[in-house]
Amino acid sequence: GAAPVRGRSGPSATELKARYEAEDNNSMLDASLQTLSEAEAILGDGQTQSDVLEGYTAGVRGEIGAKAPWVANKLGIATPQQGLATAEYGRIMNAEAIKQMSEQLKGATTDRELQKFQDNLADPTVPNSIKRNTIKRMKALLDRKLKLNASRIKEITGGEQGQPYPGADGVTNQDMGGTFS
């Protein structure tokens with residue numbers, strides 16, 4: 001093997017790898033938090049009636065309300081606003097997106113709770129109040145994981161975050177418009 005370099009400063013290759021993984025993970029966690037915030041906004045604050053339909057036929061009523069509002073209105077099954085809100089929630093919180101968000105929380109909670117997240121958020125029969133509580137819990141766990149990653153990055157870098165580092169293509173994060181840590 002190669003002799004160790006004496007007097008070398010800066011993080012080791014293992015530390016850099018851990019830092020890059022934490023930074024990459026943080027960008028995914030940020031995206032998940034944004035998605036959950038959008039879904040939370042669509043569901044409303046719980047003080048007023050949400051436009052997102054709930055119940056056994058919510059998905060069908062929402063689709064009809066969004067794609068054929070005149071039919072939904074005539075049948076009295078959904079207003080155009082309810083149709084659009086329900087369809088938008090379904091688009092944002094599709095099964096694949098929910099599964100990916102849950103995967104990011106592995107290790108932060110139990111597999112049983114992760115499955116409950118998926119079940120609650122993807123099922124239109126689950127009341128919106130439970131969906132709101134589920135989103136709040138997921139956001140808290142994601143935020144905690146973000147902070148843990150940030151502290152790892154800070155520990156590795158000695159508190160110097162956002163230093164430029166070259167990617168595989170030699171482009172630094174500053175070349176792309178800023179720092180991402």
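Relevant structure appears above.
Residues numbered from 1 in each chain as written. Predicted model: local features only at pLDDT ≥ 70, side-chain atom pairs only at ≥ 80, totals over all residues. Heavy atoms only, no water.

### Comments concerning the overall build of the protein chain
Definition in use: By definition, any uninterrupted DSSP run of H or I lasting at least four residues is a helix, any uninterrupted run of E lasting at least two residues is a strand, and each is numbered from the N terminus. For the exposure calls, accessible area comes from a 1.4 Å probe over protein chains only, and a residue counts as buried if that area is under 20% of its type's maximum, exposed if over 50%, partly exposed in between. Any two residues having at least one pair of non-hydrogen atoms within 4.5 Å are treated as being in contact. For the area figures, the Shrake-Rupley method with a 1.4 Å probe applies, and any residue is considered shielded solely by the protein chains shown.
In terms of helices and strands, the protein chain carries seven helices and zero strands. Counting helices and strands in the order they occur from the N terminus, the protein chain gives α-α-α-α-α-α-α. Taken over 181 residues, the protein chain has a buried fraction of 33%. Across the protein chain, the fraction of contacts at a sequence separation of at least 24, relative to all contacts at a separation of at least 6, is 64%. Only carbon and sulfur atoms are counted for the fraction: they give 53% of the accessible area of the protein chain, which is about 11,000 Å².

### Comments concerning the side chain of Asn26
Selection rule: Polar contact is the term for a pair of N or O atoms within 3.5 Å; when the atoms are in protein, one must be able to donate a hydrogen and the other to accept it, and sequence-neighboring residues count only if both atoms are side-chain atoms.
Tracing the backbone shows Asn26 in helix H1 (residues 13–43). Residue Asn26 is classed as buried on the basis of its relative accessible area of 9%. In terms of polar contacts, Asn26 uses its side chain to reach the side chain of Asn149, at 2.9 Å. When residues no more than four places from it in sequence are discounted, the contact partners of Asn26 are Lys145, Leu146, Asn149, Ala150 and Ile153.

### Let's talk about the packing of helix H2 (residues 58–67) against helix H4 (residues 80–92)
Angle between the axes and distance between the axes: these two values describe a pair of packed helices. Just so we agree on the cut-off: Axis lines are fitted to C-alpha atoms, over the contacting stretch for helices. Their N-to-C directions set the angle, which ranges from 0 to 180 degrees. It is the rotation of the near helix from the far one that decides the hand of a crossing: anticlockwise by less than a right angle makes it left-handed, clockwise makes it right-handed. Three residue categories are used. Nonpolar comprises Ala, Val, Leu, Ile, Met, Phe, Trp, Tyr, Cys and Pro, charged comprises Asp, Glu, Lys and Arg, and polar comprises the others, including Gly.
The interhelical angle for the contact between H2 and H4, taken along N-to-C directions, is 115°, at an axis separation of 7 Å. As H2 runs across H4, the sense of the crossing is left-handed. Residue-level contacts link Ala58, Gly62, Glu63, Gly65 and Ala66 of H2 to Pro80, Gly83, Leu84, Thr86 and Ala87 of H4. Of the residues assigned to the contact of H2 with H4, the class counts are five nonpolar, four polar and one charged.

### Considering the pattern of salt bridges
Under the convention used in this document: Any Lys or Arg side-chain nitrogen located within 4 Å of an Asp or Glu carboxyl oxygen qualifies as a salt bridge.
One pass over the structure, following the stated rule, counts seven salt bridges. Here Glu88 makes a salt bridge to Arg91, at a shortest N to O gap of 2.7 Å. With Glu88 and Arg91 both in helix H4 and three residues apart, this pair spans about one turn of that helix. For Arg91, a relative accessible area of 52% puts it in the exposed group.

### What about helix H6 (residues 111–122)?
We count it as follows: Expected helix span is given by 1.5 Å per residue-to-residue step, counting one fewer step than there are residues.
With 12 residues, H6 ought to run about 16 Å at 1.5 Å a step, and its terminal C-alpha atoms sit 17 Å apart, in line with that. Within H6, burial applies to Leu114, Phe117, Gln118, Asn120 and Leu121.

### What to know about the environment of Gly44
Mapped onto the elements of the fold, Gly44 is located in the loop between H1 and H2. We classify Gly44 as partly exposed; its relative accessible area is 27%. When the C-alpha atoms of Gly44 and Arg132 are compared, they prove to be 8.3 Å apart, with 88 residues separating the residues in sequence.

### Some words on H1
Between the first and last C-alpha of H1 there are 45 Å, a value that for 31 residues agrees with the 45 Å anticipated at 1.5 Å per step. Listing the buried residues of H1 in full gives Arg19, Ala22, Glu23, Asn26, Leu29, Ser32, Leu33, Leu36, Ala39, Glu40 and Leu43. Those residues of H1 hidden inside the fold are in contact with H4, helix H5 (95–104) and helix H7 (128–157). Of the residues trailing H1, Gly44 is marked for its positive phi of about 85°.

### Focus: a nonpolar patch on the surface
Stated formally: Like charges within 9 Å and nonpolar side chains (Val, Leu, Ile, Met, Phe, Trp, Tyr) within 5 Å are joined into patches, using only residues over 30% in relative accessible area that form no salt bridge.
Together, Trp70, Val71 and Leu75 make up an exposed nonpolar region whose accessible area comes to about 350 Å². Along the polypeptide, Leu75 turns up in helix H3 (residues 69–75). Looking at Leu75, the relative accessible area reads 58%, which means it is exposed.

All we've got here are geometric facts, nothing functional implied.
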